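# Examination of the molecular architecture
Here are the chains, one letter per residue:
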Amino acid sequence: MNAIVVLCHFCELHGPRTLFCTEVLHAPLPHGAGNGDSPGHSEQPEEEEGGIQMSSRIRPHSPVEGASVDSSSPGPKKSEMCEGCRSLPAGHPGYVSHDKETSIKYVSHQHPNHPHLFSIVRQACVRSLSCEVCPGREGPIFFGDEQHGFVFSHTFFIKDSLARGFQRWYSIITVMMDRIYLINSWPFLLGKIRGIIDELQGKALKVFEAEQYGCPQRAQRMNTAFTPFLHQRNGNAARSLTSLTNDENLWACLHTSFAWLLKACGSRLTEKLLEGAPTEDTLVQMEKLADLEEESEGWDNSEEEDGKPSSRVGIGEGRELVKSPTDSSLLLDCGSWNGGPRNQSVFRSLRHLRQVLGASAFHMLAWHVLMGNQVIWKARDPDLVQSAFDVLRTMLPVGCVRIIPYSDKYEEAYRCNFLGLAPHVPVPPHILSSEFAVLVEVRTATRLSLYPVLFDDEQALSKYEFVVTSGSPVAADRVGPTILNKVEAALTNQNLSVDVVDQCLICLKEEWMNKVKVLFKFTKVDSRPKEDTQKLLSILGAAEEDNVKLLKFWMTGLSKTYKSHLMSTVRSPISSSSESRN
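In this text the structure is predicted, and so the values were computed from the model without any measurement.

Criteria and thresholds
Residues numbered from 1 in each chain as written. Predicted model: local features only at pLDDT ≥ 70, side-chain atom pairs only at ≥ 80, totals over all residues. Heavy atoms only, no water. Disulfide = S-S within 2.5 Å. Pairing = 2+ DSSP bridges. Helix = DSSP H or I, 4+ residues; strand = E, 2+ residues; numbered from the N terminus. Axes fitted to C-alpha atoms, helices over the stretch in contact; angles between N-to-C directions. Buried < 20%, exposed > 50% of the residue type's maximum accessible area, 1.4 Å probe, protein only. Contact = heavy atoms within 4.5 Å. Polar contact = N/O pair within 3.5 Å; in protein donor to acceptor, adjacent residues only side chain to side chain. Arc of directions from axis to C-beta. Salt bridge = Lys/Arg side-chain N within 4 Å of Asp/Glu carboxyl O.

## Observations concerning the state of the cysteines
On inspection of all chains with the given rule, the structure shows zero disulfides. As a non-bridged cysteine, C21 has C8 as the owner of its nearest cysteine sulfur, 9.1 Å distant. Not part of a disulfide, C507 finds its nearest cysteine sulfur in C504, a span of 6.7 Å.

## Examining the sheet that holds strand β15 (residues 437–444)
Overall, mixed pairing links the five strands, which are arranged β13-β14-β12-β15-β16 in an open sheet. Of all the strands in the sheet, just β13 (403–407) and β16 (464–470) have a single pairing partner and so form its edges. Pairwise comparison of adjacent strand axes, ignoring direction, gives a mean angle of 15° for this sheet. Across five bridges, strand β12 (residues 374–378) lies against β15 in parallel orientation. Residue pairing across strands places I376 opposite L439, the latter belonging to β15.

## Some thoughts on the pairing of β15
In the case of a regular strand, side chains alternate between the two sheet surfaces. Looking at chain direction, β15 and β16 are connected through seven bridges and run antiparallel. By the bridge assignment, V438 is partnered in β16 with S470.

## Observations concerning helix α9 (residues 350–357)
Buried residues dominate α9, accounting for six of its eight residues. What α9 keeps buried is the set L350, R351, H352, L353, V356 and L357. Along its buried surface, α9 packs onto α10 (359–371), β12, α11 (382–392), β16, α13 (482–492) and α14 (498–525). Phi for G358, located one or two positions after α9, is positive at around 100°.

## Description of the environment of Q201
Relative to the helices and strands, Q201 is located in helix α3 (residues 186–214). For the pair Q201 and F156, spaced 45 residues apart in sequence, the C-alpha to C-alpha distance is 8.7 Å. Apart from the residues lying within four places of it in its own chain, the contact partners of Q201 are E138, F156, F157, I158 and R194. Within polar-contact distance, the side chain of Q201 engages the backbone oxygen of F157 at 2.9 Å.

## Thoughts on helix α15 (residues 530–540)
The set of residues buried in α15 consists of T533, L536, L537 and L540. When α15 is viewed along its axis, its buried side chains cluster within an angular range of 100° and face the same direction. α15 presents E531, K535 and I539 as exposed residues on the side facing more than 90 degrees away from its buried surface. Among the structural elements, α14 and α16 (545–555) are those in contact with the buried residues of α15. G541 lies just past α15 and shows a positive phi near 75°.

## Considerations on the pattern of salt bridges
Where side chains of opposite charge bring their charged atoms close, a pairing between them can arise. Enumeration over the complete set of coordinates arrives at 16 salt bridges. The closest approach of N and O atoms between D247 and K203, which form a salt bridge, is 2.7 Å. Of this pair, D247 sits in the loop between α5 (241–245) and α6 (250–268) while K203 sits in helix α3; the two residues are 44 residues apart in sequence, bridging distant segments of the chain. By relative accessible area, D247 is classed as buried at 13%. The exposure class assigned to K203 is partly exposed, which follows from its relative accessible area of 24%. A salt bridge links K515 to E511; the shortest N-O distance between them is 3.8 Å. Placement of both K515 and E511 in helix α14 is noted, with a separation of four residues, approximately one turn of the helix. Using a relative accessible area of 13% as the deciding quantity, one classes K515 as buried. Exposure remark for E511: the relative accessible area of 31% places this residue in the partly exposed category. In the salt-bridge network here, residues are joined through shared partners; they are D160, R168, E211 and R239.

Structure, rendered in structure tokens:
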């Protein structure tokens, strides 16, 4: 991550000052920054953790030391600095961490050595402690421009019994030139920097309470005759941060924290080169994520208007953030898309599920899934139901998936095509006899083991019995949709690994989504007659009844972006007639 993290302080004598900064060096260290091959310059390794090796470096020409400082060196002179403005003591070499994986060095000192970088950091420091602050003067804020860089700033207070108001003002800023990258890193930076601030404030609070207990300053000041504040300062009024926190290793710890922050923030976001147009699943996931953010903003605005926290119930058609079936599916979609942490699955893959259910039961279940019929699971274990849905949903486009993971009442098919129920929840009789629903009942096994245990983690499945029933069982001799036959062929081929089967399934879904797009354009946009549609289906190799039903169901999973794009390209009758006359 090409950025610099800086700890800034508002000195009551000298104004905003940079106390400590950590920057990234991709090239060899500049002149005067310490070179292990040069005489008089050495780097002593101290410790290694997480692939980063920490060492000290010698900087005899550092401007803060006051030795050999020419007029062009950045940074304030020694005479312009007090104890509160200085971080590293005179003669301190600074810190360097070596990342062996990337050959990057993280260098920490009080001021950047490069004059241009010093100017950018200096301006960001002044703005973060003067005009660019949150209400209350404590909290995060974003500012900057293309010329001077963009800044994430978090201001905070540190307790000090000798300071005016018993507190001093600090800020931690992150400066970089990439605005988009910095904005996308806002949640990560906010959480980690807030953790650093909490630790600093906790240490300072302990020192403050100990000093107040020994010598209360508030009563002493009230008993002192009024004099101008600056004239009653003593020599200890400007105190260093190490004194305020009583931590002699403070700067080494801050260097470690800042170096880790730069490394972690740089590795959490990666750029990928996407060839061709985005897939329908990607477009649908982006739309769902945008809808979720829009609803969250709406909830926040309603809370601000009412002045009290909202229960977040009753939005839309009785939807909730947690209990709503639609929102639950949405959160799962976005979580899996962002690579969020997930619990260990009971069913590891489609192949594993087929082995557990059996070939005939899996064929019936998969047929109903692909046709868009309602799949109902009744079990005591919600995690087992969720795991089954996570596996089955991979057979469908993202836009066709509507899940209620676990409910205490039956929900209609228009609300969800995957429904998890507790064993005691009744299912309406017309649903049990319907050809548009399939029921999977997870019962306690009557024998010791109905399912052969191949691995230790499958011991839990051996105590269950899976019964798959439907009002319209799929005949064994029925051909079924073409994609189902290909999926089952891939699952039964033991030469194909699970990862290969997953990629095969992605390719099959993309192939049939392309057929869905052609059919949608042909029937919904161009409004072709039924005879032409039958010819098109024959050309697509989808003239069979099951294939036609599958295409119509999958058509509901097309993204709004694709549909609006097609509708916007439809020419009006007036323009079409004028072109035909020409």
